[in-house]
Amino acid sequence: MRAQPIVTAAALAAVFAAAALAATYQDPQRRFEIHIPAGWTAEPFGEGVKVARGTSYCLVMEGQAPNPEALVNHLVEQLGSQWTRFQQLERGSATIGGQPAPYSFHSGVNAKGVPSFLKVLAVSSQGTLFGLIESSSEKEFPAAKAGLEQIEQGFRFKPRPAPKRSGVPGPVKRLSP
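### Observations concerning the environment of Ser135
Next, step 1: As for its placement among the helices and strands, Ser135 is situated in strand E9 (residues 128-137).
Next, step 2: For Ser135, a relative accessible area of 5% puts it in the buried group.
Next, step 3: A sequence separation of 15 residues divides Ser135 from Val120, and the C-alpha atoms of the two residues are 8.8 Å apart.
Next, step 4: Contacts of Ser135, omitting those with residues within four sequence positions, involve Thr55, Ser56, Tyr57, Trp83, Ser116, Phe117 and Leu118.

In C-alpha cells:
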C-alpha cells in the first residue's frame, strides 16, 4: 500500500494566507503596475513608487536618457558618488516586463555608513524609460534578495490607450453603380 501525501486544511490556509498578503501596486498615472511581495510595502515616491521591507527597497521612477544603458550609467554615477568603497560586482542584462533591461550591481558603504548592495536597472517600452534602483544592507540582503527579484519580475508596463479620434469623419467615397 502506497502512502498518499495528505494536505491538511491548516496547510492550505497557510498557503492562501501568504498569497493574500501579496498585492499589486497600480501606478496612479497608469504607466505600470508592480507586484508587491508579502511583507513588503509600497508608497508613493515622487512620480514613482518605493517598495520596501526593513532597510531594503526598490525605487521605480521614470527616467530621462537616450536609452536604458545611458540611464543605468547616469544613475550609477550619481548614486555611486554618495557611497564609499563603491565597486561594480556585475553588469549584465535582465528581462523586466518582457523587455530587455541592462543592469549594474555594486557593493560599498552607503551614505548612512552601512555596508550595502546597490542594483540599478533600466527598462523601456512604448517610448517610456523607467529606472529601478534596489538597495539592501549586506546583513539584510540574503533575506531581501528573493523579494527584490519578485519585484523585478512583477513589473509590468500598462498599455497606452489608442489615440482618440477627433470625431470628424473623413471624406466619403461614393461607389459607382
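What follows continues from the structure just given.
### Remarks on the sheet that holds E9
Next, step 1: In spatial order, the strands read E3-E4-E5-E9-E8-E7-E6; together these 7 strands make up an open sheet with antiparallel pairing. Taken across any chain shown, the strands that pair with only one partner, and hence form the sheet edges, are strand E3 (41-45) and strand E6 (84-96). Averaged over all neighbouring strand pairs, the angle between strand axes comes to 15°, with direction disregarded.
Next, step 2: Of the strand pairs in this sheet, E3 and strand E4 (residues 48-53) are connected by 5 bridges, and their pairing is antiparallel. Within E4, the residue paired with Phe45 across the bridge is Gly48.
Next, step 3: Sheet strands in contact with helix H2 (residues 68-80) are E6, strand E7 (99-109), strand E8 (115-125) and E9, and its direction is about 155° off that of E8.

### Digging into the sheet that holds strand E10 (residues 155-157)
Next, step 1: With antiparallel pairing, 3 strands are arranged side by side in an open sheet as E1-E2-E10. Only two strands of the sheet have a single neighbouring strand rather than two, namely strand E1 (23-26) and E10. Each adjacent strand pair in this sheet contributes to an overall mean axis angle of 20°, direction not counted.
Next, step 2: Bridging between E1 and strand E2 (residues 32-36) involves 4 bridges; their strand directions are antiparallel. The residue of E2 that forms the bridge with Gln26 is Glu33.
Next, step 3: Contacts between helix H3 (residues 141-153) and the sheet are confined to E2 and E10, with E10 contributing the most and set at about 10° to the helix.

### Quick look at the pairing of E4
Across a regular strand the side chains alternate sides, sitting on one face of the sheet and then on the other.
Next, step 1: Hairpin connection between E3 and E4: a loop of 2 residues separates the two successive antiparallel strands, and Gly46 in this loop has a positive phi of roughly 60°.
Next, step 2: Looking at chain direction, E4 and strand E5 (residues 56-62) are connected through 5 bridges and run antiparallel. The residue of E5 that forms the bridge with Val49 is Val60.
Next, step 3: Turn length for the E4-E5 hairpin, with the two strands adjacent in sequence and antiparallel, is 2 residues, and the turn residue Gly54 shows positive phi of about 65°.

### What about the confidence of the model for the protein?
A low pLDDT score tells you not to read the predicted coordinates there in detail.
Next, step 1: Counting all residues, the mean pLDDT for the protein is 85, and 77% of those residues have values of 70 or more.
Next, step 2: Note on residues 1-20: pLDDT under 50 across the span, and 2 contacts to partners over four residues away in sequence or across chains.

### Quick notes on the layout of surface pockets
Next, step 1: Counted as a void, the largest pocket has a volume near 550 Å³.
Next, step 2: Lining the largest pocket are 24 residues, with Thr55, Tyr57, Asn110, Lys112 and Ser135 sitting closest to its centre.
Next, step 3: Elements with a contribution of two residues or more to the lining of the largest pocket: E4, E5, H2, E8 and E9.
Next, step 4: By residue class, the composition of the lining of the largest pocket is 12 nonpolar, 10 polar and 2 charged.
Next, step 5: Quantified by volume, the second largest pocket comes out at close to 210 Å³.
Next, step 6: Lining the second largest pocket are 15 residues; nearest its centre among them are Phe105, Lys119, Glu134, Phe141 and Lys145.
Next, step 7: At the level of elements, E7, E8, E9 and H3 are the ones that each hand at least two residues to the lining of the second largest pocket.
Next, step 8: Among the elements that make up the lining of the second largest pocket, the one with the highest residue count is H3 (6 residues).
Next, step 9: Its residues assigned to classes, the lining of the second largest pocket shows 6 nonpolar, 3 polar and 6 charged.

Reading the values: rules and limits
- Residues numbered from 1 in each chain as written.
- Predicted model: local features only at pLDDT ≥ 70, side-chain atom pairs only at ≥ 80, totals over all residues.
- Heavy atoms only, no water.
- Helix = DSSP H or I, 4+ residues; strand = E, 2+ residues; numbered from the N terminus.
- Buried < 20%, exposed > 50% of the residue type's maximum accessible area, 1.4 Å probe, protein only.
- Contact = heavy atoms within 4.5 Å.
- Pairing = 2+ DSSP bridges.
- Axes fitted to C-alpha atoms, helices over the stretch in contact; angles between N-to-C directions.
- pLDDT = per-residue confidence, 0-100.
- 1 Å grid on protein atoms, 1.4 Å probe; cavity = no way out; pocket = protein on both sides within 12 Å on 5 of 7 lines; lining within 4 Å.
- Points joined across faces, edges and corners; volume = space filled by probe spheres on them.
- Nonpolar A, V, L, I, M, F, W, Y, C, P; charged D, E, K, R; others polar.

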